[in-house]
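Single-letter residue listing:
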Amino acid sequence: METYRLDLTLESPLSVSRDRSASNRQATATVVPPQTLRGALAAAAERAGADPETLDRLFGEEGLRTSALLPSDPDGALPAVAPLTLRTCKRHGGFDGDEGGRQTEAPHGVEDTLFASLRLALHDDPGALRALRTCQANGCGHVMTRKDGLVRTEEGDYRTQSMPGKRTQTHVGLDRRRDGAASGMLYAREVVNEKTTAGEGLRPTTCRAAITGPESALEHLRDALDATEVLRVGTAVSRGLGRCSVERFAPGTAPPPLEDRIADFNDAYRKHGHVGGTLIALTLRTPALFVGEFLRPDTTPGGDRLLQAARSDEQAHAHALESLERVHEVARGYQFQAWNGLAGVPHGTDQGLRAGSVLVYQASEVTDELLDALSHVETTGVGLRRELGLGRVRVCDRIHTDIHEHTDSN
């Protein structure tokens with residue numbers, strides 16, 4: 001399996017409906033969900049002449065896996081949704097190196113609280129969390145609140161990813177009987193701007209995603225994108241919205257080795273006094289869906305449910321993951337809604353875990369079989385509907401190991 005980086009530049013405003021409501025005012029999401037990007041790629045491949053068999057090979061259950069399409073800087077790395085464990089000062093929030101914004105004082109830094117949360121969950125010690133209730137930078141004393149948005153890396157340091165602006169477009173509805181404007185039928189649609197503020201000027205809005213799959217499928221998709229040159233993403237594409245030019249589709253930068261991330265994560269937590277098995281943290285890059293008994297939504301999945309509906313060739317990985325013991329999670333609920341463009345009907349609505357949730361497990365020993373299974377879920381995802389891009393995870397993300405700007409300063 002290989003991972004390619006997809007770089008897009010907006011040529012027109014972009015709109016992605018947050019839900020399926022029929023209101024005359026429609027809000028838009030800034031982050032394009034993975035299932036929406038997958039549909040846009042499938043449409044591009046179909047326009048390039050791909051037959052049904054090829055489309056099934058590219059986008060079927062064993063096909064390509066897409067990440068969310070995230071706003072990014074033209075020359076920056078692929079950002080990530082901020083984990084739910086990040087906290088920052090409510091009044092002067094942001095990373096130490098963040099610049100710009102309306103704050104009169106420099107940001108007070110960001111702290112990842114996963115280790116402090118694990119101290120409470122595993123050792124019944126709330127002291128570390130209590131110490132992070134208020135900001136101690138420069139004697140601030142303001143409340144620490146959750147760090148939202150996107151996080152990017154810049155020369156090894158972490159920064160807040162700037163987001164493009166939005167505006168509202170007002171339209172007149174159409175009367176299908178007369179093929180003209182309908183009297184008194186108005187609606188408003190929020191859109192993402194095709195231009196982003198950069199310094200004292202404007203630059204085209206750029207977005208980035210990661211596409212994972214077999215090398216042959218990625219090469220076929222690259223040929224399709226070269227043939228079309230334009231990707232239409234989101235809603236109202238027939239009205240000119242969501243027109244994106246493909247700037248780059250090529251191999252991306254590989255993450256640090258899995259063994260090193262696991263070792264660094266556990267070495268950092270041992271400073272908090274942890275003794276016992278090896279901890280494995282799974283940070284969701286995209287929402288994930290799990291079900292428990294009686295097919296009810298499961299927000300606390302055990303290791304045996306990470307590869308639900310596993311294919312026959314995944315049974316060995318599913319068996320290896322069963323050895324993981326669930327010890328803690330920092331998670332929030334998510335309602336999955338999407339449109340099945342091929343069938344012309346909505347996907348079923350489900351309840352799951354939102355992107356940024358963190359699931360922590362403990363392994364008595366890290367075997368080669370377990371490492372292979374963890375590498376597999378980083379490639380194919382966890383939970384249900386993985387072919388839609390759901391359940392993309394990063395094992396022992398460096399964010400949890402590196403971002404401790406408050407405790408380091410103390």
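Residues numbered from 1 in each chain as written. Predicted model: local features only at pLDDT ≥ 70, side-chain atom pairs only at ≥ 80, totals over all residues. Heavy atoms only, no water.

Draft legend 1. Representation of helix 2 (residues 52-59). Burial in helix 2 covers these residues: Thr54, Leu55, Leu58 and Phe59. In a view along the axis of helix 2, the buried residues occupy a sector of 105°, so they form one face of it. Of the residues in helix 2, the exposed ones pointing more than 90 degrees away from the buried face are Pro52, Glu53 and Asp56. For helix 2, the secondary structure elements touched by its buried residues are helix 1 (34-47) and helix 5 (215-228). (Buried < 20%, exposed > 50% of the residue type's maximum accessible area, 1.4 Å probe, protein only. Helix = DSSP H or I, 4+ residues; strand = E, 2+ residues; numbered from the N terminus. Arc of directions from axis to C-beta. Contact = heavy atoms within 4.5 Å.)

Draft legend 2. Representation of the sheet that holds strand 5 (residues 80-81) in the model. Overall, antiparallel pairing links the three strands, which are arranged 5-9-10 in an open sheet. The two strands at the open ends of the sheet, each matched to only one other strand, are strand 5 and strand 10 (157-160). For strand 5 and strand 9 (residues 150-154), the ladder comprises two bridges, and the chain directions are antiparallel. Within strand 9, the position partnered with Ala80 by the bridge is Val151. (Pairing = 2+ DSSP bridges.)

Draft legend 3. Local environment of the packing of aromatic side chains. For the coordinates displayed, the defined rule picks out three aromatic pairs. Ring geometry for Phe115 and Tyr269: centres 5.4 Å apart, planes at 35°, overall tilted. Residue Phe115 is located in helix 3 (residues 114-123), and its partner Tyr269 is located in helix 6 (residues 258-270); the two are separated by 154 residues in the primary sequence. As far as the burial class goes, Phe115 and Tyr269 line up, both buried. Through pairs of rings, three or more aromatic residues link up here, namely Phe115, Phe265 and Tyr269. (Phe/Tyr/Trp six-rings, centres within 6.5 Å; stacked < 30°, edge-to-face > 60°.)

Draft legend 4. Examining helix 3 more closely. Among all positions in helix 3, only Leu114, Phe115, Ala116, Ser117, Leu118 and Arg119 are buried. Downstream of helix 3 by a residue or two, Asp124 has a phi angle that is positive, lying close to 55°.

Draft legend 5. Highlighting the nonpolar core. Formed by 39 residues in total, the largest nonpolar core has its most connected members in Leu321, Leu324 and Leu374. What Leu374 contacts, discounting residues up to four positions off in sequence, is Leu258, Ile262, Ile280, Leu282, Leu321, Leu324 and Val395. Formed by 31 residues, the second largest nonpolar core is a distinct cluster that contains Val32, Leu41, Leu64 and Ala217. (Core = buried A, V, L, I, M, F, W, Y, C linked by side-chain atoms within 4.5 Å.)

Draft legend 6. Looking closely at the pattern of salt bridges. Under the definition given, this model contains 23 salt bridges. With a shortest N-O distance of 2.9 Å, Arg5 and Asp7 are connected by a salt bridge. By relative accessible area, Asp7 is classed as buried at 8%. We note a salt bridge from Arg261 to Glu378, for which the minimum N-O separation is 2.6 Å. Placement of the pair is Arg261 in helix 6 and Glu378 in helix 8 (residues 368-380), with a sequence separation of 117 residues. Judged on exposure class, the residue Arg261 and its partner Glu378 are both buried. (Salt bridge = Lys/Arg side-chain N within 4 Å of Asp/Glu carboxyl O.)

Draft legend 7. Molecular detail of the sheet that holds strand 18 (residues 278-284). Taken together, the four strands give an open sheet; going across it, the order is 19-24-18-25, and neighbouring strands pair in antiparallel fashion. Since the sheet does not close on itself, it has two edges, and those belong to strand 19 (325-330) and strand 25 (393-395), each with one partner. The mean inter-strand angle of the sheet, taken between neighbouring strand axes irrespective of direction, is 25°. Bridging between strand 18 and strand 24 (residues 358-363) involves six bridges; their strand directions are antiparallel. Looking at the pairing, Ala281 lines up with Val360 of strand 24. Across the sheet, helix 6 touches strand 18 and strand 25, and the angle it forms with strand 18 is around 110°. Of the strands in this sheet, strand 18, strand 24 and strand 25 touch helix 8, which is tilted by about 150° from strand 25. (Axes fitted to C-alpha atoms, helices over the stretch in contact; angles between N-to-C directions.)

Draft legend 8. Seen up close, a negative patch on the surface. Judged by side-chain charge, Glu259, Asp260, Asp368, Glu369 and Asp372 come together as a negatively charged surface patch. For the negative patch, the secondary-structure elements that each account for two or more residues are helix 6 and helix 8. Take the negative patch: its biggest share by element is three residues, from helix 8. Inspection of the secondary structure puts Asp368 in helix 8. We classify Asp368 as exposed; its relative accessible area is 56%. (Patch = residues over 30% accessible without salt bridge, like charges linked within 9 Å, V, L, I, M, F, W, Y side chains within 5 Å. Areas by Shrake-Rupley, 256 points an atom, 1.4 Å probe, with all protein chains shown as cover. Lys, Arg positive; Asp, Glu negative; His and termini not counted. Charge placed at Lys NZ, Arg CZ, Asp CG, Glu CD.)

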